[in-house]
Amino acid sequence: MFDKLKSILRLTNADYADIRYEIRTDTTISFNCRELTGIGSSSCDGFVIRVLKNGGFSSISFTKPADAGKALRQAEENAMLASELTAKPVRLNNVQAIRGMFLPEMSEDPRSVSLEEKQELTRRYNEIALNHPKVVNTAASYAEVEREKYFASTEGAEVREDLITTRIGIMIMARDGNLLQNVRYATGGSSGFSCLRGAEEIFEKKREIAVSLLSAGPAKSGTYDVILNPSMAGLFTHEAFGHFSEADCIEGSPTMREKMKLGAALGSDVLNIKDDPTMRDALGFYHCDDEGVEARPVQLLKKGVLVGRLHSRRTAADFGEPVSGHCVAEDYRYAPIIRMGTIFIEPGADSFDTLLSKLGDGLYIQDGRGGETSGENFTFGAQCAYVVAGGKLKGMIRDINISGNLYQTMKNIVAVGNDFELIRYGGCGKIQTNIRSCFGGPHLIIKNVIVGGAA
């Protein structure tokens, strides 16, 4: 394959060019309640070429090898057009040309597991979720994505890397009269099919949460001191802070570039945030990004001070900062963009019991259920929460959402737990879908959080 890719690159006289060929195979199984509604596999492949010429940068994707010459000429023309209209010529930071083959080290290769066994495991977890008279519906699915990638550049890079991602997810809906409550959960990862096994107790627990929400009272709106669990803390870290650490999200805004200037004090001194795509067994693991750059951990926040940023080769040159290996594409249809790998708040010193004691009175909020950001402000939903009184967990409450300003909230983080947990499913939708976007962290205390609910 590399001979074919290099023969295509030899057709260009651009200042720089790279090409990525990828085969993507998807396997899906879905249940609606007990009915099997879908099962099958599909495979597709294609190419992406990027060209830098006279300061103009362009990309094009195509599927037929016979179209390579035409696609390359079109990319060159687009790059030349861009060079005439771009105020600042594009430069790419210098990197080492990597040559290597990286195949996933998995405890159980999903490709060796029969479709029947995948269906049976999904069905079994779905039956666990349905095993209660108040559970009225479920939507369960198995998803497996295999990406076989080949990358070559005019600088001499030749990288073959395979990524295989698996997931089983379930939405559990419980009903009592006119009251409906639902809980969503997914497990999976990039370390092999075995990461899906043995999750029976977790699905039982999620079913019980869905049923318990039927007798929980609604949250009362107000301002609370709260403990976020690792999933909720990770959601905050990813959505509210993480995207501002992606250089392409702030490069066009002088205001945000000033606010996110390295050395800025953004959070409390107990807050340390890192993105590390090199963590083996984490969902977000990879060796090289889709620019052929070796992935590396990046300390983003140290004792509340911004010390690092996530980059592509282009933005690293523009900001005058090191490359980080965080430029990732959804698949062969797209040129890569800057993405988080595995972002998390680093653990602190306090046990969960100590956090409860420090909180005194407030709320313990668990597991995100989506949300949105608008500039510096965020609103996230939570699957459930518990009242905390006198440092003790009390009753469950439902219909929770939290909102606030990113910078004020990071300054209001006053204690960080000594535990650590990463999510086992992804799905960031920044322009392209990144199913391996991973986040997490420890429990933590935030003061003065706005909680939405009943008046």
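This text follows the structure it describes.
Residues numbered from 1 in each chain as written. Predicted model: local features only at pLDDT ≥ 70, side-chain atom pairs only at ≥ 80, totals over all residues. Heavy atoms only, no water.

(A) Summary view of empty space enclosed by the protein. Applying the stated criterion across every chain yields a total of four cavities of 30 Å³ or more. The calculated volume of the largest cavity comes to roughly 180 Å³. Forming the walls of the largest cavity are 20 residues, and the residues nearest its centre are Arg147, Leu163, Val328, Asn434 and Arg436. Taken together, the elements giving at least two residues each to the lining of the largest cavity come down to strand S5 (135-153) and strand S6 (158-176). For the lining of the largest cavity, the leading source of residues is S5, giving three residues. (1 Å grid on protein atoms, 1.4 Å probe; cavity = no way out; pocket = protein on both sides within 12 Å on 5 of 7 lines; lining within 4 Å. Points joined across faces, edges and corners; volume = space filled by probe spheres on them. Helix = DSSP H or I, 4+ residues; strand = E, 2+ residues; numbered from the N terminus.)

(B) Quick peek at the packing of helix H3 (residues 115-130) against helix H4 (residues 200-212). Running from N to C, H3 and H4 point in directions that differ by 30 degrees, and their axes come no closer than 8 Å. Relative to H4, H3 is oriented roughly parallel. Read as a crossing pair, H3 and H4 show a hand that is right-handed. Contact with H3, carried on its side by Arg124, Tyr125, Ile128 and Ala129, involves Glu200, Phe203, Glu204 and Arg207 of H4 and no other residues of that element. In terms of residue class, the contact of H3 with H4 is made up of four nonpolar, no polar and four charged. (Axes fitted to C-alpha atoms, helices over the stretch in contact; angles between N-to-C directions. Parallel < 35°, antiparallel > 145°, perpendicular 65-115°, else oblique. Left-handed = near helix turned anticlockwise from the far one by under 90°. Contact = heavy atoms within 4.5 Å. Nonpolar A, V, L, I, M, F, W, Y, C, P; charged D, E, K, R; others polar.)

(C) Spotlight on the nonpolar core. Formed by 53 residues in total, the largest nonpolar core has its most connected members in Leu228, Phe241, Met260, Leu266, Ile365, Ile402 and Met410. No other element matches the six residues that helix H5 (residues 230-241) contributes to this core. Here Phe241 is in contact with Phe236, Met260, Leu266, Ile273, Leu300, Leu301, Leu306, Ile343, Leu406 and Met410, once residues within four sequence places are set aside. Ile168, Ala174, Ile227 and Val388 belong to the second largest nonpolar core, which has 39 residues in total. (Core = buried A, V, L, I, M, F, W, Y, C linked by side-chain atoms within 4.5 Å. Buried < 20%, exposed > 50% of the residue type's maximum accessible area, 1.4 Å probe, protein only.)

(D) Geometry of the sheet that holds strand S22 (residues 438-441). The sheet built from six strands is open, its strands ordered S12-S11-S10-S15-S22-S21 with mixed pairing. The open sheet has two edge strands, strand S12 (305-306) and strand S21 (421-422), and neither has a second partner. (Pairing = 2+ DSSP bridges.)

(E) Molecular detail of the pattern of salt bridges. Within the structure shown, the criterion is met by 37 salt bridges. Taking the shortest distance from any N to any O, the salt bridge between Arg197 and Glu108 comes out at 2.8 Å. Of this pair, Arg197 sits in the loop between strand S7 (179-189) and H4 while Glu108 sits in the loop between strand S4 (99-102) and H3, placing them 89 residues apart in sequence. A salt bridge links Glu376 to Lys259, with the nearest nitrogen and oxygen atoms 1.9 Å apart. With Glu376 in the loop between strand S16 (362-374) and strand S17 (377-389) and Lys259 in helix H7 (residues 254-259), this pair connects stretches of sequence that are 117 residues apart. (Salt bridge = Lys/Arg side-chain N within 4 Å of Asp/Glu carboxyl O.)

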